[in-house]
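# Summary of structural features
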Amino acid sequence: VTTIPLSCMDEGMVNTLISDVLRLSPRLTRSLANIVYHKTKGNQLFFSQLMISLSKDRLIRPSLSRRRWEWDEEKIQSRKLPDGVAKFITGTIGRMPANVQMALSVLSC
């Protein structure tokens with residue numbers, strides 16, 4: 001068994017990751033990264049779950065007319081999140097269809 005410690009990302013790392021994923025200049029993603037960093041406190045699991053959630057809810061979305069990604073900073077900023085990663089993931093699972101929740105329940109045992 002190998003243990004790999006995962007430390008929290010700093011704001012610069014969050015910006016680098018977001019700019020890489022969205023294929024935009026870090027200068028363009030800095031304000032989004034600032035919001036995401038403060039909401040997740042750099043926690044890697046919370047970060048990835050939040051980004052998936054923002055994409056699913058279309059708060060981060062591709063713009064065909066601008067030929068790049070765009071986002072709604074005000075809505076992302078005002079979005080209420082649970083205090084911890086576990087509550088966030090539990091809420092995510094709670095929004096899944098009943099058959100998926102049942103499958104996860106069976107598979108987790």
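Residues numbered from 1 in each chain as written. Predicted model: local features only at pLDDT ≥ 70, side-chain atom pairs only at ≥ 80, totals over all residues. Heavy atoms only, no water.

## Section: the packing of helix α1 (residues 11-22) against helix α2 (residues 26-40)
Applicable threshold: The convention used is that axes are lines fitted to C-alpha atoms, helices contributing only their stretch in contact, and that angles between N-to-C directions extend from 0 to 180 degrees. Elements are defined by DSSP. Helices are runs of H or I of four residues or more, strands are runs of E of two residues or more, and each kind is numbered from the N terminus. Working definition: roughly parallel below 35 degrees, roughly antiparallel above 145 degrees, roughly perpendicular at 65 to 115 degrees, and oblique for all remaining angles. For any pair of crossing helices, the crossing counts as left-handed if the nearer helix is rotated counterclockwise from the farther one by less than a right angle, and right-handed if it is rotated clockwise. When checking whether two residues touch, look at their non-hydrogen atoms; a contact exists if any pair is within 4.5 Å. When residue character is reported, Ala, Val, Leu, Ile, Met, Phe, Trp, Tyr, Cys and Pro are called nonpolar, Asp, Glu, Lys and Arg charged, and the others, Gly included, polar.
The interhelical angle for the contact between α1 and α2, taken along N-to-C directions, is 125°, at an axis separation of 8 Å. Regarding the angle of α1 to α2, the classification is oblique. Crossing geometry of α1 relative to α2 is assigned as right-handed. In this structure, α1 contributes Glu11, Val14, Asn15, Ile18, Ser19 and Leu22 to the contact, and α2 contributes Pro26, Thr29, Arg30, Leu32, Ala33, Asn34, Val36, Tyr37 and His38. Residue classes in the contact of α1 with α2 are distributed as 8 nonpolar, 5 polar and 2 charged.

## Here we look at the pairing of strand β2 (residues 68-71)
The criterion, for reference: In this scheme, strands are said to pair when DSSP sees at least two bridges between them.
Pairing of strand β1 (residues 60-63) with β2 involves 4 bridges; the strand directions are antiparallel. When the sheet's bridge partners are listed, Pro62 is paired in β2 with Trp69. Hairpin connection between β1 and β2: a loop of 4 residues separates the two successive antiparallel strands, and Arg67 in this loop has a positive phi of roughly 60°.

## Describing α2
One turn of an α-helix holds 3.6 residues; hence residues three or four places apart share an orientation. This is how the line gets drawn: A residue's bend is simply the angle between two axes: one fitted to the seven residues ending at it, one to the seven starting at it. Exposure categories follow from relative accessible area, calculated using a 1.4 Å probe and restricted to protein chains: below 20% of the type maximum is buried, above 50% is exposed, and the middle band is partly exposed.
The largest bend along α2 measures about 35° and falls at Leu32. Those residues of α2 that sit buried are Thr29, Leu32, Ala33, Ile35, Val36, Lys39 and Thr40. For α2, the secondary structure elements touched by its buried residues are α1, α3 (44-56), β1, β2 and α4 (73-78). Note on α2: the residue one or two positions beyond its end, Lys41, has a positive phi of about 55°.

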